Every structure is written in C-alpha cells, then in structure tokens.
Amino acid sequence: MKPQRPRLEQAWATPEAGPAAGPTQSGGTAEPGTPIGPGAAIGPDRPAEPGGTATAAVEIIDVAPARVRRSWDLVRLTGLVLAGLLLTGLGLIASDTSRGANDDLVRLLAHVPPLLVRMLRTLAAFGALAVPLAFMAREIVRGQTRRLIEALVTGMIAIAVVAALNQLIAAYASEALLAALIRPGAEPAVRPLDTYLAALLAFVAVVGVAQDPRWRALLVAVTGLYVGSVFTATKASLLSLVLSLVIGATVGIAVRYLAGSLNERPDGRQIVAALAGRGIVLRRLERIATTAEHRSYLGADAQGRQLRVHMLDRDLIASGAVYNAYRLVRIRTEVAPSPALSLERVAEHRSLLAMAAAATGVAMPRLLAGVRCGPNAIALVYDRVAGSPLTDPTDNQLDELWAGVLKLHRNRITHRGLRAANLLVEPDGAVLLPIPQDGTVFATDLRINLDRVELLISIVGLVGVQRAVRSARRVLTDDELAATVAVLQPIVLSRQTREALREDPDLVEAVREEIQGQTHQQPPEPVRMERVRPRTIISVVAVIVAGYLIVGQLGSVDLATVLADARWQWLPLVVAASAASYLAAALALTGYVGERLSYPRTVLAQLAASFAGFVTPPAVGGLAVNLRYLRKSGLRTSGAATSVGLAQLVNGVIHVVLLIAFAAATGVSARHSVPIPGWAFAVLGALGVLISVALAVPATRRWLLARLLPPLHQALPRLLSLLTSPVKLAEGLVGSLLLNASYIAALWFSVHAFDGGIALAQVAVVYLAGSAIGSAAPTPGGLGAVEVALATGLAAAGMASAAAISAVLLFRLATFWLPVPAGWLAMRWLQRRDAL
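**Q** I tried to follow the overall build of the chain on my own but got confused; where do I start?
**A** Regarding its fold elements, the chain presents 30 helices and eleven strands. The contacts in the chain between residues at least 6 apart in sequence include a share of 75% that link residues at least 24 apart.

Shown next as structure tokens:
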C-alpha cells in the first residue's frame, strides 16, 4: 500500500477562456469533470470581479498527491516503539513493582459494588462491539470505503502480530516477564497480550479520530471500560493491557505511514476560492516548491500583479517543529528557533515579522494578506518582486545588502534566513532580501550577531573570504565585526549553510582568521552555544556502565588482603615512569613542529592536556589543548592542526608496530605467551566483514574517504618536509617510542608491586591492547574500558585476579588520577601567560 503517484489531469478551456491549447499535465486531485490545469476554471461558481462582472478562467498548476506520508507519524511511531521497549524492560527488571501495582488496583476495585461491576462489564461488552461498527458506519457515510478497507486489514495485521507475540512469549520468555504480564491464578486461556485492544487501536489509527473530539471521547471511554472489565474478569495484568494498546497503535501508525494518509491539504482550487473571498482574485496559480514548513505558489491577480503565496499546513508545521525541538534541546534558546506546534502561532509570528520589517523600509516582499483555508491551513500572500539569484554581486550590491540588514538590526529585528540561495537582485540591480520567516522582532545582541554570521558565511560562498570580510567592514564597525567571531561556529548556522560547509570544513576558521587580520583585534572567547552535546550524553552513559563494571570487579576480590601484601617500594618507580611520559609526549610533539617551541612550556601543555582528558573522552581533550597551545605559539591554525594530526598519525603507527612486535615476542615462548580468547577472533572477523561491506558500498566508501583522505593530504607535505630534517624526525620518533615505553614501564612496575611475575613483553602487549581499547571508549580518559581491558589481560597472562585488579588500579592512580591536579595548575599557569 504505497502512496499513490499524483494523478495527471488533462486541462481544457471554458467558453470564456476560448479554445483549449491542448492537454497539459497537472497533478490535481479534482473529481472528473472539474479540471485543474492551464485554462481550467476553479469550479462551477467562478469568482466575480469587485464590480460584479464574471471572470475568466483561472489557470491552476498544482501537484496534489492523493496520499502523503506525514513526518509526524514517523515521530509517533518512534515514540511508540520506545514506549513498547520501555514497558518490556519494566516487565523484565521490575516484575515485583508490576505485581504490586496490580495488587493495589485489585484492592481498589474490591470496594466497587458487585452490581456496578456487572453493569460496567455488560456496558464494556456492548461498547467493544458497537464502537468498531460505529466507526465503520462513519467511514461508509463519508464515502471513505478505501480507508475502511485499509483499517480492517490493519486490524487483522495487528491480530496476527499479537498472536505471534503470544506464541513467542509463551515459548521463550523468561518467568519474570510472564509473571509481569499474567497475574497469578489466571486461567490457562488468558494470553500475555490482548488481541482485541491491539486490533481496535490499529483500526482507529488508520481511520483517525484526532480531529473529532466526540469520537475520541467515545473511544477513550469504551477502551477504559474494556480494560477495567478484562482486568477484573480474566486476571490479565495492567502491564499486559497497556502493552497491547501500545502494540496496536504501533501497527496502525506503521501501516498509516507506509501506505500514506489521505491528502487533506487545500489544493489550488480551494486556495484560489479562499483568496477570492478576501478580494484577491487570481488569474493564475502555480506550485513551485514544498519546504519543511510550507508550500510555495506563484500567482497573478486580475490586475497583473505578481504574488507569492505561502501555504502553512498543520501537518507540515508539526513536522518542522520536531527538528526545531531537537535543536532547542541541544543548543541555547536564542540560537534555535522555538518549536511552534501551533499553525496559528506560526502564521501570527511570520505576519508580525513581515510587518515589522516592512516598517523599516528595507527592500523585501511585503505581506498583503493572511487568509485561512479550512481548519488546517493558512495562506500568507506576499508581493512577488521580479528578481534573479544573487550569484556574482558587485561591491555596491554587497554594500546595499549589508546596509539593509544593518537597518533591520538597528530596529532590533533579525531575519535568520539570509542564505545565499535566498538572496535576489532585481532587474535594475537592486538587492532584495528574502521573505522573513524565522527571525525575531525584539532581538538581543546575540541574535543579531547570529544573523550577521549567517549572512557573512553566505557572502563568502559567493565572493570569497577576503572580499566578504571587506564588504562587512565597509558597513559594520571593527568592534561589531569582531563581536561576530565569538559566535562564528558551524552549529549556529542554518542546516542548508552547514551542508554547504561540509565541502570546505576549514572555511569557518579561515573567516575567523581573516576578521582578526583585518580588524587587528584580539578575538573574544567563543560563546558556548550547545546545551548538551551528544558525546556528553554518551560519556555519561559510558561512565555509568564503566562504574558498574569496576564495582563488580572490586566486589569479587578481597582488596584489603591484597593491599596488605603489596610491595610499596615500587610505587616511586611507577610515579617516575608516569612523569617521564609527559617529557616524552612533549618531545613527540615538538618533533613534528618545524617552528621552535619552548620545551618546558610544551611539557606543561602536556600536563594541561591530562587535565582536559579527565573531563573529555581520550584524545579529544588532549588534541584541543595541543592545538590551542600551538596556535598561541605562533602557528597558523592549518599548520597547528597538521602538526597535531601528524603526531597522532605517527604515534598510532608506532603503537601498532610495537603491539605486533611484542605479540610476536610473547608468541616465541609458550611459557610467556598471552592466551587470546576465541571471542576476540570472532570480533576481529566481524570488524573485518563490516569494513569490507562499508568499503563495498559506494556511499559509505565516499563518506570514509572524505574523512580520512583530507587529514592524510594535509599531513603529507609536513611529513615530507620533516624527512629533509633528520634531527626533527628523530626527535618525534624517539618521543613516540619513549611515550609508549614510559607507560609500559609504569604498568610493569605496578605488576611487580603486587608480585605479578609477568614478563615485560606480556605486560607490553596487555598495555598496548588495553590502551587501544581505551582510546575507542567514549568515557573521560577511557575510564572503565581501560581498567577492564588491562585487568582482563593481566589475568589472562597468568596473574591472580585480585592482584591484577590492584595493579591496574595502582597504574591508573599514577597515570590518570594523580596528574589531574598538576594538570589543572599547569593549565592555569599557561592561561595567565596567554600561552594556552
């Protein structure tokens, strides 16, 4: 049941319009005999001119598919699936809670008089039969026979799904889940899930009750009576009944989304008729586009005036609000447009914004009228000014563009739609701003700077970085232009602009450097725009899981006895090896930087990176600190990024080479070999298959190459330059080797502190493998993943489990926890001296 393609209608002329010009394709949904297309009338009662004379035919070119997929249904489907998984999880891990809720409800219903209970059961039985029949009769009366058939088929699908789930639950489900779905003492005929509830909700989801409060109230009442009746009569659990409702709604929404809903949006004829009722008599209306929140039409009235019509449909507004809600959760309120779930609110906001902008005198299309077209659509009619896209602007046009935007900002109005594709130039060369939609009327300084950043990046795409910044400086003061640097971040830009930036990821940094170079002002600190970062959520979840794993390991050993027998004379050596790692890291970084760096400050920067790694995933915080340190040391951003990337690349290669070398060394002697579990080969095989499949798919291969090749291309020239300087190359290689050697020594000393008796090569393999696993973990410093990997590896090498855990904790104390205070002090010292 796929959505139908738009029907193709043949247009013909009415007697007033003269002979038809021939058949024309048009996607209207008119009934036979009601033409839609060039030369077609809007209906038997054609609108009249203001003077009362009959009008000629209206030319309508519209594409109105019979069925549409609504994004809001996909959101509902996702929510229902998550709700079903949550209820199932509660049944598995909170069966006692579910049982207690059932018992409380049973005790509450025990106080209801038996006569009333019997009456309610009778009413529920009658309603369970009458309500579906009433819905069927409603659909037949409305002429929706096809939708009725689809609803009946969907109900049958829900019955089949529930029957299959009942069989699976009875055969394979755990005792806890069965106890949560079926109360003790239930008859054998009672199933875990209720078939009728699922079928009813699936049926109703297709026929729809959202727009009729009376039908919705009837459905809720009958469903409540049925749930109470089944709960008291069959001893089905409350969780079972609620889960049945969720499954039925899930099936119904899924079928409705896949098959598509009937298109109830006003078509071209209805739009023309509604506008005529407001005195706007059209002669032509043509659909040109459909965005996330509205449909766009071009029109012409009886006087030949060109118009642009934006149709705001309730379902499109809701689908656009989902993305806005996501943006609002992730970034600050002033950055993200508020999710307007109300059609009327969106129309009022756009009308106010258009009128306020027009009052400033800025050249942009004027709002002429707002007209309601039925209960679920509003048309906003604007002047259409003839113009072409602004593709190659002159300096005068850029000045005019900035002057118009500055006039809006002086009146505290922002546009938020100043994208390159929206900017137009009139035939006389005048620049025209697009129709404002998502701006604000009482804008703060932050919103104004966001507007300027959007326009600046859009102009950069047209004329380049230098000329774009110069054009802004001719209108804005240096202070105003420099203030935009604080919000010059990809996340604040519109989705279309961010997609364009993917072709040149360094563009934002180039604009930032150009502004700094032309204004000669110290750039302000970046403003924190994000509320919650996705990696923060992942890190929090990973920390919880890691804590659970660590506590589980600690609970399985007697640490008091192990610590009492430890040889603490090895502790100074562990701390010394940890300290040596920072000297080696500084040496490894300076080796890949052609410019001269202060070695003591570089060591302090590595300490500061350890503090940053305490609150961010491994490598992320350290990379950011090193990049900022190199920029403060005089390197350009591109050079700093290349140096840091090259250092990471060489360190990774050396890490792999050492792992292979030490693994080969441990394999020479069976006595010193590290046993590799069978699941490790399965994991490696699965990874190999996934990589092969990813490389075989063209889209995935292009995605991987687009992210891997640019860093390699950037690092190659600097690597070639280092080959001409053997001293610098040796400095970097020695630093990378000493860095790994320091950590291996620290772990080896920790093992000896607890009398591990493991060979150095085995310890090296365990550290190198555990470090690689920790680098892939999303937790700060690889917390949890490193401890589990190292402890497991040491135990596999022959060390007692309790001693292995203690050795790993000592190693992590010296290399991860103790450097944190020193790293904080180093960061503060470098910041006070403007070195970080």
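That shown, we press on.
**Q** I tried to follow the pairing of strand β8 (residues 377-383) on my own but got confused; where do I start?
**A** Consecutive side chains of a regular strand alternate in pointing toward one face of the sheet and then the other. Burial runs high along β8: seven of the seven residues are buried. Of the pairings in the sheet, the one linking strand β6 (residues 306-313) to β8 comprises seven bridges and is antiparallel in character. Bridge pairing in β8 places R308 opposite Y382. Hairpin connection of strand β7 (residues 367-372) to β8: four residues between the antiparallel strands, including G374 at a positive phi of 85°.

**Q** What am I meant to see in helix α26 (residues 726-753) here?
**A** An α-helical turn contains 3.6 residues, so a residue and the one three or four places further along point in the same direction. Its 28 residues place the ends of α26 40 Å apart at the C-alpha level, agreeing with the 40 Å of an ideal helix rising 1.5 Å per residue. One or two positions beyond α26, positive phi appears at D755, with a value near 55°.

**Q** When you look at unusual backbone geometry in this model, what are you seeing that I'm missing?
**A** Across the chain, the bulk of peptide bonds are trans and the bulk of non-glycine residues have phi less than zero. Positive phi, close to 60°, is recorded for R412, a residue that is not glycine. Backbone geometry at R416 places phi at a positive 60°, although glycine is not the residue there. Tracing the backbone through its elements, the reader meets R416 in the loop between α12 (395-410) and β10 (424-425). The exposure class assigned to R416 is buried, which follows from its relative accessible area of 16%.

**Q** Sorry, what's going on with the confidence of the model for the chain here?
**A** As a general rule, the predicted coordinates of low-pLDDT regions are not to be interpreted in detail. Taken residue by residue, the chain gives an average pLDDT of 79. The fraction at 70 or more is 79%. Below pLDDT 50 for its whole length, residues 1-55 participates in 112 contacts with residues either more than four positions away or in separate chains. Counted against residues more than four places away or in other chains, residues 668-672, with its pLDDT under 50, gives three contacts.

**Q** What am I meant to see in the sheet that holds β8 here?
**A** What holds strands together in a sheet is hydrogen bonding between their backbones, with the strands either parallel or antiparallel. Read from one edge to the other, the open sheet built from six strands follows the order β1-β4-β5-β6-β8-β7, with strand pairing classed as mixed. Two strands lie at the open edges of the sheet, namely β1 (59-61) and β7, each paired on one side alone. Strand-to-strand twist of the sheet, defined as the mean angle between neighbouring strand axes without regard to direction, takes the value 20°. The strands touched by helix α9 (residues 268-277) are β1, β4 (282-290), β5 (295-301), β6, β7 and β8; relative to β4, the strand with the most contacts, the crossing angle is about 130°. Its contacts with the sheet place helix α11 (residues 343-359) against β6, β7 and β8, and it is angled at close to 15° to β8.

**Q** Sorry if this is basic, but what is going on with the pattern of salt bridges here?
**A** For side chains of opposite charge, pairing can occur when their charged atoms come near one another. Tallied over the full model, the rule gives 25 salt bridges. Across the pair R147 and E139 runs a salt bridge whose closest N-O atoms are separated by 2.8 Å. Of the residues examined, R147 reaches a relative accessible area of 14% and is grouped as buried. Looking at E139, the relative accessible area reads 0%, which means it is buried. In this structure, R474 engages D399 in a salt bridge whose closest nitrogen and oxygen atoms are separated by 2.8 Å. Of the two residues, R474 sits in helix α14 (residues 465-475) while D399 sits in helix α12, which places them 75 residues apart along the sequence. Classification of D399 by relative accessible area gives partly exposed; the value is 23%.

**Q** Would you mind going over the sheet that holds β10 with me for this structure?
**A** An order of β9-β10-β11 is seen for the three strands of this open sheet, with the pairing classed as antiparallel. Single-partner strands in this sheet number two, and they are β9 (388-389) and β11 (431-432). Examined bridge by bridge, β9 and β10 share two bridges and lie antiparallel to one another. The residue bridging P389 from the neighbouring strand is L424, located in β10.

**Q** Is there a simple way to think about the nonpolar core in this case?
**A** One broad rule of soluble globular proteins: the nonpolar side chains tend to lie buried together. Counting residues in each nonpolar core, the largest one holds 48 residues, and the members touching the most others are L401, L433, L455, I459, V511, I515 and M529. Of all the secondary-structure elements, those providing two or more residues to this core are α11, α12, α13 (445-463), α14 and α17 (507-519). Residue contributions to this core peak at nine residues, all from α13. Excluding residues within four positions of it along the chain, L433 makes contact with V362, A363, M364, P365, L401, G404, V405, L408 and L418. V763, V766, Y767 and A814 belong to the second-largest nonpolar core, a separate cluster that totals 41 residues.

**Q** Sorry if this is basic, but what is going on with the packing of aromatic side chains here?
**A** Aromatic rings considered in pairs are described by the distance between their centres and by the relative angle of their planes. Counted by the stated rule, this structure contains nine aromatic pairs. Centroid distance F135 to W215: 4.8 Å. Interplanar angle 45°. Geometry classified as tilted. Of the two residues, F135 is situated in helix α3 (residues 114-141) and W215 in helix α7 (residues 213-234); the sequence distance between them amounts to 80 residues. With respect to burial, F135 and W215 carry one shared label: buried. Here a set of aromatic residues connected by ring pairs shows up, and it is made of F135, F203 and W215. One cation-aromatic arrangement involves R138 over W215; the distance from NZ or CZ to the ring centre is 5.2 Å. The ring of F816 has R812 lying over it, and the distance from NZ or CZ to the ring centre is 4.6 Å.

**Q** When you look at the pairing of β5 in this model, what are you seeing that I'm missing?
**A** Counting buried residues in β5 gives seven out of seven residues, a clear majority hidden from the surface. Of the two faces of β5, the one carrying R295, Y297, G299 and D301 and the one carrying S296, L298 and A300 are both buried. Sheet topology places β4 next to β5; seven bridges connect them, and they run antiparallel. Looking across to β5, one finds that T290 is bridged to R295. With six bridges connecting them, β5 and β6 associate as antiparallel partners. Residue L298 lies in a different strand from β6, and its bridge partner there is R308. The antiparallel pairing of β5 with β6 creates a hairpin that spans four residues between the two strands, and G304 there sits at a positive phi of about 85°.

**Q** What is the right way to read helix α6 (residues 195-207) from this model?
**A** Counted at 1.5 Å a residue, the expected span for α6 with its 13 residues is 18 Å, and the 19 Å between its end C-alpha atoms agrees. Of all the 13 residues making up α6, eleven are buried; the element is thus mostly covered by neighbouring parts of the structure. Taken residue by residue, α6 has L197, A198, A199, L200, L201, A202, F203, V204, A205, V206 and V207 as its buried positions. Between the side-chain oxygen at the start of α6 and the backbone nitrogen of Y196 there is a gap of 3.1 Å, and the oxygen is on D194.

**Q** Teacher, can you tell me more about the packing of α3 against helix α4 (residues 145-172) here?
**A** Packed helices, taken two at a time, are described by the angle their axes make and the gap between the axes. Look at α3 against α4: their axes get within 8 Å of each other, and the N-to-C directions meet at 150°. Relative to α4, α3 is oriented roughly antiparallel. When α3 is examined against α4, the residues M136, E139 and I140 are found in contact with a partner set consisting of T145, R147, L148 and L152. Here the residues of the contact of α3 with α4 sort into four nonpolar, one polar and two charged.

**Q** What's the story with the side chain of S237 in this structure? I'm lost.
**A** Within the element layout of this structure, S237 appears in the loop between α7 and α8 (238-259). Note on S237: relative accessible area 0%, which makes it buried. From its side chain, S237 meets the backbone oxygen of L181 in a polar contact 2.8 Å long. S237 has contacts with N102, A180, L181, I182, R183 and F231, leaving out every residue within four places of it along the chain.

What counts and how
- Residues numbered from 1 in each chain as written.
- Predicted model: local features only at pLDDT ≥ 70, side-chain atom pairs only at ≥ 80, totals over all residues.
- Heavy atoms only, no water.
- Helix = DSSP H or I, 4+ residues; strand = E, 2+ residues; numbered from the N terminus.
- Contact = heavy atoms within 4.5 Å.
- Buried < 20%, exposed > 50% of the residue type's maximum accessible area, 1.4 Å probe, protein only.
- Pairing = 2+ DSSP bridges.
- Expected span 1.5 Å × (residues − 1).
- pLDDT = per-residue confidence, 0-100.
- Axes fitted to C-alpha atoms, helices over the stretch in contact; angles between N-to-C directions.
- Salt bridge = Lys/Arg side-chain N within 4 Å of Asp/Glu carboxyl O.
- Core = buried A, V, L, I, M, F, W, Y, C linked by side-chain atoms within 4.5 Å.
- Phe/Tyr/Trp six-rings, centres within 6.5 Å; stacked < 30°, edge-to-face > 60°.
- Lys NZ or Arg CZ within 6 Å of the ring centre and 35° of its normal.
- Polar contact = N/O pair within 3.5 Å; in protein donor to acceptor, adjacent residues only side chain to side chain.
- Parallel < 35°, antiparallel > 145°, perpendicular 65-115°, else oblique.
- Nonpolar A, V, L, I, M, F, W, Y, C, P; charged D, E, K, R; others polar.

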